[in-house]
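Coordinates in review
Letter by letter, the chains look like this.
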Amino acid sequence: MKVRNYLILGLFGLFIVMLLMQSCYSVRLRSVEGTYEPAAPLVRNDYYRNMEVIEIDTVITLGAIDKDFTYLIKKSDRCPSGKLHTVEYRNTLGAVLLSGITFGRKRKVKIKYVCMKSN
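Notes on the structure in this doc start here. Along each chain, the written sequence defines residue order, and numbers are assigned to residues from 1. A pLDDT threshold of at least 70 governs which residues receive local features in this predicted model, and a stricter bar of 80 or more applies before side-chain atom pairs are shown or counted, although totals over entire chains, interfaces and linings include all residues. Excluded from the side-chain calculation are hydrogens and water; included are all heavy atoms of the structure.

**Comments concerning the side chain of H85**
A run of H or I in DSSP counts as a helix once it spans at least four residues, and a run of E counts as a strand once it spans at least two, with each numbered from the N terminus. Structurally, H85 can be placed in strand β3 (residues 84-92). By relative accessible area, H85 is classed as buried at 3%. Here a polar contact is taken to be a pair of N or O atoms separated by no more than 3.5 Å, where protein atoms must pair a possible hydrogen donor with a possible acceptor and residues adjacent in sequence count only if both atoms sit in side chains. Within the structure, the side chain of H85 is placed 2.8 Å from the side chain of T86, a separation counted as a polar contact. The contact criterion used throughout is that any non-hydrogen atoms of two residues lie within 4.5 Å. Setting aside anything within four residues of it in sequence, one finds H85 in contact with L29, R30, S31, E33, G34, T35, Y36, V114, C115 and M116. Each residue gets one of three labels from its accessible area relative to the maximum for its type: buried under 20%, exposed over 50%, partly exposed in between, using a 1.4 Å probe on protein chains only.

Next comes the structure, spelled out in structure tokens:
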């Protein structure tokens, strides 16, 4: 009986550790044409250190009959050209679990994108 309790407690602990680990992957798409929109103050120290990055971190809710979701990039103050230079999509373990628990109806999305410089 004690061995069974330790086994259940160990499996539960392993499950919690897996949830806390931020195992993730990211996919980055970059254009070879054009130049990126430069950042005014240089505050980043990563791949995007000289670029004006726009970040989206939200949960998308899809209906039962929806097959896909489209996010439109328009001309704005943050993206004056409306054209994309670099797009990065990041998926985490938490996002996969949320999608699995809700049967794909809710999806956590983390996207970074950089606009092209206006001509």
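**A closer look at a nonpolar patch on the surface**
Distance thresholds for patches are 9 Å for like charges and 5 Å for nonpolar side chains (Val, Leu, Ile, Met, Phe, Trp, Tyr), applied to residues having over 30% relative accessible area and no salt bridge. Accessible surface is estimated by sampling points in the Shrake-Rupley manner with a 1.4 Å probe; for residues, cover comes only from the protein chains shown. Here a salt bridge means any side-chain nitrogen of Lys or Arg lying within 4 Å of a carboxyl oxygen belonging to Asp or Glu. A cluster of nonpolar side chains, namely L7, L11, L14 and M18, defines an oily patch on the protein surface of about 410 Å² accessible area. Mapped onto the elements, L14 comes out in helix α1 (residues 2-20).

**A short note on the sheet that holds strand β1 (residues 24-30)**
Strand order in the open sheet formed by four strands is β1-β3-β4-β2, with antiparallel pairing between adjacent strands. At either margin of the open sheet sits one strand with a lone partner, and together these are β1 and β2 (53-61). Taken pair by pair, the neighbouring strands of this sheet meet at an average axis angle of 20°, ignoring direction. When DSSP finds two or more bridges between two strands, those strands count as paired. Alignment of β3 against strand β4 (residues 106-115), held across six bridges, turns out to be antiparallel. Note on β4: the bridge partner recorded for T86 is V114. Lines are fitted to the C-alpha atoms to define the axes, a helix being fitted only along its stretch in contact, and any angle between axes, read from their N-to-C directions, falls within 0 to 180 degrees. Strand contacts of helix α2 (residues 93-101): β2, β3 and β4, with the helix running at about 70° to β3, the strand carrying the most contacts.

**What to know about the packing of aromatic side chains**
Any pair of aromatic rings gets described here by the distance separating the centres and the angle formed by the planes. Pairing of aromatic rings covers Phe, Tyr and the six-membered ring of Trp, with a centre-to-centre limit of 6.5 Å; geometry is then stacked below 30 degrees between planes, edge-to-face above 60, and tilted otherwise. This model, assessed by the stated rule, comprises one aromatic pair. With centroids separated by 5.1 Å and ring planes inclined at 90°, the aromatic side chains of Y47 and Y48 adopt a geometry described as edge-to-face. In this structure Y47 comes out as partly exposed when scored by relative accessible area, which is 34%. Taking relative accessible area as the criterion, Y48 reaches 1% and is therefore assigned buried. Here the guanidinium or amino end of R28 rests over the ring plane of Y47, the centre of that ring lying 3.8 Å away. Only when the NZ of Lys or the CZ of Arg is both within 6 Å of the ring centre and within 35 degrees of the ring normal is a charge said to sit over the ring.

**Details of the nonpolar core**
Buried Ala, Val, Leu, Ile, Met, Phe, Trp, Tyr and Cys residues form a nonpolar core when they are joined through side-chain atoms within 4.5 Å. With five residues, the main nonpolar core is built from I54, I56, C79, Y113 and C115. At the level of secondary structure, the elements contributing two or more residues to this core comprise β2 and β4. Excluding its chain neighbours within four sequence positions, the residues that come into contact with I54 are R78, C79, I111, K112, Y113 and C115.

**Some points on the state of the cysteines**
Count a disulfide wherever a pair of cysteine sulfur atoms falls within 2.5 Å. For the coordinates displayed, the defined rule picks out one disulfide. The disulfide partner of C79 is C115, and the S-S distance across this bridge is 1.9 Å. Between C79 and C115, the S-S torsion sits near -115°, and that sign places the bridge as left-handed. Here C79, found in the loop between β2 and β3, pairs with C115, found in strand β4; they are 36 residues apart in sequence, far enough to count as distant. We classify C115 as buried; its relative accessible area is 1%.

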